Amino acid sequence: MKDLFGNALLDYQNGNYTEDIITSTNISDDDVLPLPYLFRGFKAMPKLEQKALNLAKGSILDVGCGAGSHSLYLQQKGFQVKAIDISKGAIEVAKQRGVLNAEVKAVLEETEMFDSILLLMNGTGIFQELSLVSKYLKYLKGLLNTNGQILMDSSDIKYMYEDEDGGIWIDSNSNYYGELDYFLSYKGEKETPMKWLYLDFKTLQLACETVGLQCELVLEGEHFDYLAKLS
Ligand SMILES: C[S@@+](CC[C@H](N)C(=O)[O-])C[C@H]1O[C@@H](n2cnc3c(N)ncnc32)[C@H](O)[C@@H]1O
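Quantities reported herein were computed from a predicted structural model and do not represent experimental measurements.

## Here's the deal with the UniProt feature "domain: Methyltransferase" (unreviewed entry) in the protein
Step number 1: When the UniProt feature table is mapped to this numbering, "domain: Methyltransferase" (unreviewed entry) covers residues 60-126.
Step number 2: Secondary structure content for residues 60-126 is 25% helix and 28% strand, while the C-alpha to C-alpha distance between its ends is 18 Å.

## Notes on helix H3 (residues 69-76)
Step number 1: Taken across its eight residues, H3 has six buried, putting it largely inside the fold.
Step number 2: Within the span of H3, buried status applies to Ser 69, His 70, Ser 71, Leu 72, Tyr 73 and Leu 74.
Step number 3: The inward-facing, buried residues of H3 contact helix H2 (47-55), strand E3 (59-63), strand E4 (80-85), helix H4 (88-96) and strand E6 (114-119).
Step number 4: Once H3 finishes, Gly 78 follows within two positions and takes phi at roughly 100 degrees, a positive value.

## Thoughts on the sheet that holds E6
Step number 1: With mixed pairing, seven strands are arranged side by side in an open sheet as E5-E4-E3-E6-E7-E12-E11. One side of each edge strand has no neighbouring strand; the edge strands of this open sheet are strand E5 (102-104) and strand E11 (215-220). Ignoring strand direction, the axes of neighbouring strands in this sheet form an average angle of 20 degrees.
Step number 2: Relative to strand E7 (residues 144-155), E6 runs parallel, the two sharing five bridges. Following the sheet pairing, Phe 114 is matched in E7 by Leu 144.

## Some thoughts on the site of the ligand
Step number 1: Around the ligand there are 17 residues in total, and Gly 64, Gly 66, Ser 87, Val 107 and Met 121 lie nearest to it.
Step number 2: Within the shell around the ligand, the residues separate by chemical class into twelve nonpolar, four polar and one charged.

## As for the pairing of strand E8 (residues 179-186)
Step number 1: Pairing analysis gives four bridges linking strand E1 (residues 21-25) to E8, with the strands arranged antiparallel. Opposite Ile 22, over in E8, you have Ser 185 as the bridge partner.
Step number 2: Where E8 meets strand E10 (residues 194-197), four bridges bridge the pair, whose relative direction is antiparallel. Counted as the bridge partner of Tyr 182 is Met 194 from E10.
Step number 3: Of the strand pairs in this sheet, E8 and strand E9 (residues 189-190) are connected by two bridges, and their pairing is antiparallel. Within the sheet, the bridge partner assigned to Ser 185 lies in E9 and is Lys 190.

## Here we look at the packing of helix H5 (residues 133-142) against helix H6 (residues 201-210)
Step number 1: In contact at an axis separation of 9 Å, H5 and H6 are set at 60 degrees when each is read in the N-to-C sense. Comparing the axis directions of H5 and H6 gives the class oblique. Considering only the axes of H5 and H6, their crossing is right-handed. Along the contact surface, H5 presents Val 133, Ser 134 and Leu 137, while H6 presents Ala 207, Cys 208 and Thr 210.
Step number 2: Split into classes, the residues belonging to the contact of H5 with H6 amount to four nonpolar, two polar and no charged.

## Things to note about the environment of Tyr 136
Step number 1: With respect to the element layout, Tyr 136 can be found in helix H5.
Step number 2: Tyr 136 sits in the buried class, given 20 other C-beta atoms within 10 Å.
Step number 3: Taking the C-alpha atoms as reference points, Tyr 136 and Ile 126, separated by ten residues in sequence, lie 8.8 Å from one another.

## Things to note about helix H1 (residues 4-13)
Step number 1: Summarising burial for H1: seven of the ten residues are buried, a large majority.
Step number 2: Within H1, burial applies to Phe 5, Gly 6, Asn 7, Ala 8, Leu 9, Tyr 12 and Gln 13.
Step number 3: Phi for Gly 15, located one or two positions after H1, is positive at around 80 degrees.

Conventions and cut-offs
Residues numbered from 1 in each chain as written. Predicted model: local features only at pLDDT ≥ 70, side-chain atom pairs only at ≥ 80, totals over all residues. UniProt positions renumbered as here; feature names shortened; annotations may be inferred. Helix = DSSP H or I, 4+ residues; strand = E, 2+ residues; numbered from the N terminus. Buried ≥ 20, exposed ≤ 12 C-beta atoms within 10 Å, placed from the backbone. Contact = placed C-beta atoms within 7 Å. Pairing = 2+ DSSP bridges. Axes fitted to C-alpha atoms, helices over the stretch in contact; angles between N-to-C directions. Near = placed C-beta within 6 Å. Nonpolar A, V, L, I, M, F, W, Y, C, P; charged D, E, K, R; others polar. Parallel < 35°, antiparallel > 145°, perpendicular 65-115°, else oblique. Left-handed = near helix turned anticlockwise from the far one by under 90°.

Here you go:
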């Protein structure tokens, strides 16, 4: 990984904001990911994220924290927060912004226990593909204190396969439709392609059942997105 995502966050944090990140997937064209969005405050966050922050309690793990926006908010509210991310640049930025406990770490390397675990901005993306979901869920479950909770958001992206007549065209012989190849570029440089998973609520619920987690639909967003609480 070249950590172009981290480089972009560092540029923004250091006052060198000249361009945004460009993303695309195997089923969609170029899209702009505005850097200021990754530094959003509570008011600029989607309702689903605001709800997740309101539900967070106790000791909190922010998985894939990015620039640390959610961690900062919770820390300012007096919670004990740990922020982790595989991006060195992201953790550097989160620290510079004031996140006290931030570490470069992949979620499967975390070993502490928490009351709340947050995975936000398509939190299931980190699971990469459907076949890995139960592995990640089992691992996350193992990091929960008694009565702990996992709060994560995702979307049912079936709509991305819709044609002009409203028909949905999904090849039943191919992988789960939410498994995408994700491409990112910044300042003309291309990041190593990665896998990024969007999971519809029902599929998440089924996966939770198999690992002994209860999965509750907390809130639905405006565009097939949702917040789930796993306990
Ligand atoms: C879409 S960004 C979301 C950032 C932040 N949560 C936000 O809402 O602004 C996903 C983040 O997850 C991180 N990430 C990806 N795989 C990860 C893993 N296995 N463990 C920890 N972080 C990971 C990426 O580096 C990236 O910062």
